[in-house]
Amino acid sequence: MTDFLDFLRGNPYPGRGVAVGNRRVYYFIMGRSENSRNRVFERTEDGIRTRAFDESRLSDPSLIIYHPVRETARGLIVTNGDQTDTIRDCGDFHAALMTREFEPDEPNYTPRISAMCRPDGSFELSILKRRDGRCLREFFCYEGCDEGCGYFLSTYQGDGSPLPSFSGEPLAVTMPEPEDVWQALDPDNKVALYANVNGTVRLFNKLLGD
């Protein structure tokens, strides 16, 4: 198992990432461009959304303004894009993501990462990424995991040009405290963190001084 804090400290740009464990869920966003960094998380009635911190500096909302988290009767949906709403409206995690593909942001073709966390402790993770000009859709189903353990997916393996997509199975990681996860993220590139521990939600936003 990988120490999650060591992993984050050693990776300045994993992009957007989701980690799901036993009664813990983390989702973070990072940014390199002014448009990506100009964001905060804010609560909604059923989860959270991204919002431009300074509306006058928002140049293109298409791939950066969305609802990363939606709470539904079927469970908690966490994603890095508007596929959150596709999953909610469809009602079936797999079927919903079969209608979607990676983001159209050439040359990176950012993968879409998604999680569905069910009330019984089971969860699914998915990544939709570009390979050989086509969409590769990968799904990983878990009956649950031990206390202090989790599984992590991110959009990128690390920094680069173009950015390299995450590869392989979700990474088995430790699940430390929210404050430690926030501190471990690269101080220049981190933007915001959503932490859900036993149903208690905390938001960390760089531009709000967290």
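See the structure above.
Residues numbered from 1 in each chain as written. Predicted model: local features only at pLDDT ≥ 70, side-chain atom pairs only at ≥ 80, totals over all residues. Heavy atoms only, no water.

Enquirer: I'd like to hear about unusual backbone geometry, residue by residue, with values.
Expert: The linkage connecting Glu 106 with the following residue, Pro 107, adopts the cis geometry, with an omega of 10°. Looking at the element boundaries, Pro 107 is found in the loop between α4 (93-97) and β7 (112-117). The omega angle of the peptide bond from Ser 161 to Pro 162 is 0°, so this bond is cis rather than trans. As for its placement among the helices and strands, Pro 162 is situated in the loop between β10 (149-154) and β11 (171-174). You will see that Arg 23, though not glycine, has its phi angle at about 65°, which is positive. (Helix = DSSP H or I, 4+ residues; strand = E, 2+ residues; numbered from the N terminus.)

Enquirer: Would you mind going over the pattern of salt bridges in detail, with residue names and values included?
Expert: Any two side chains of opposite charge can pair, on the condition that their charged atoms come close. Inspection of every chain in the model, using the stated rule, returns 16 salt bridges. Put simply, Arg 9 and Asp 6 hold a salt bridge, and the shortest N to O gap is 3.1 Å. Here the residue Arg 9 and the residue Asp 6 both occupy positions in helix α1 (residues 4-9), the gap between them amounting to three residues, near one helical turn. With its nearest N and O atoms 2.7 Å apart, the salt bridge here joins Arg 32 to Asp 159. Taken together, the residues Arg 32 in the loop between β2 (24-30) and α2 (34-37) and Asp 159 in the loop between β10 and β11 connect sequence positions 127 residues apart. For Arg 32, a relative accessible area of 39% translates into the label partly exposed. What you see here is one network of salt bridges that share partners, running through Glu 42, Arg 49 and Arg 51. (Salt bridge = Lys/Arg side-chain N within 4 Å of Asp/Glu carboxyl O. Buried < 20%, exposed > 50% of the residue type's maximum accessible area, 1.4 Å probe, protein only.)

Enquirer: Lay out the packing of aromatic side chains with the relevant residues and their values.
Expert: Here the distance between the centres and the angle between the planes together describe a pair of aromatic rings. Under the definition given, this model contains eleven aromatic pairs. Summarising the aromatic geometry, the rings of Phe 7 and Phe 152 are spaced 5.4 Å apart at their centres and angled 65° between planes, so their arrangement reads as edge-to-face. Of this pair, Phe 7 sits in helix α1 while Phe 152 sits in strand β10; the two residues are 145 residues apart in sequence, bridging distant segments of the chain. Looking at Phe 152, the relative accessible area reads 0%, which means it is buried. Centroid distance Phe 123 to Tyr 151: 6.3 Å. Interplanar angle 45°. Geometry classified as tilted. Of this pair, Phe 123 sits in strand β8 (residues 123-131) while Tyr 151 sits in strand β10, placing them 28 residues apart in sequence. Tyr 151 gets classed as partly exposed once you look at its relative accessible area, which sits at 23%. Every member of this aromatic cluster is reached through a ring pair, and the members are Phe 4, Phe 7, Phe 28 and Phe 152. Sitting above the plane of the Tyr 109 ring, Arg 130 keeps its charged end 4.1 Å from the centroid. (Phe/Tyr/Trp six-rings, centres within 6.5 Å; stacked < 30°, edge-to-face > 60°. Lys NZ or Arg CZ within 6 Å of the ring centre and 35° of its normal.)

Everything listed here is a matter of coordinates, which is why it stays silent on function.
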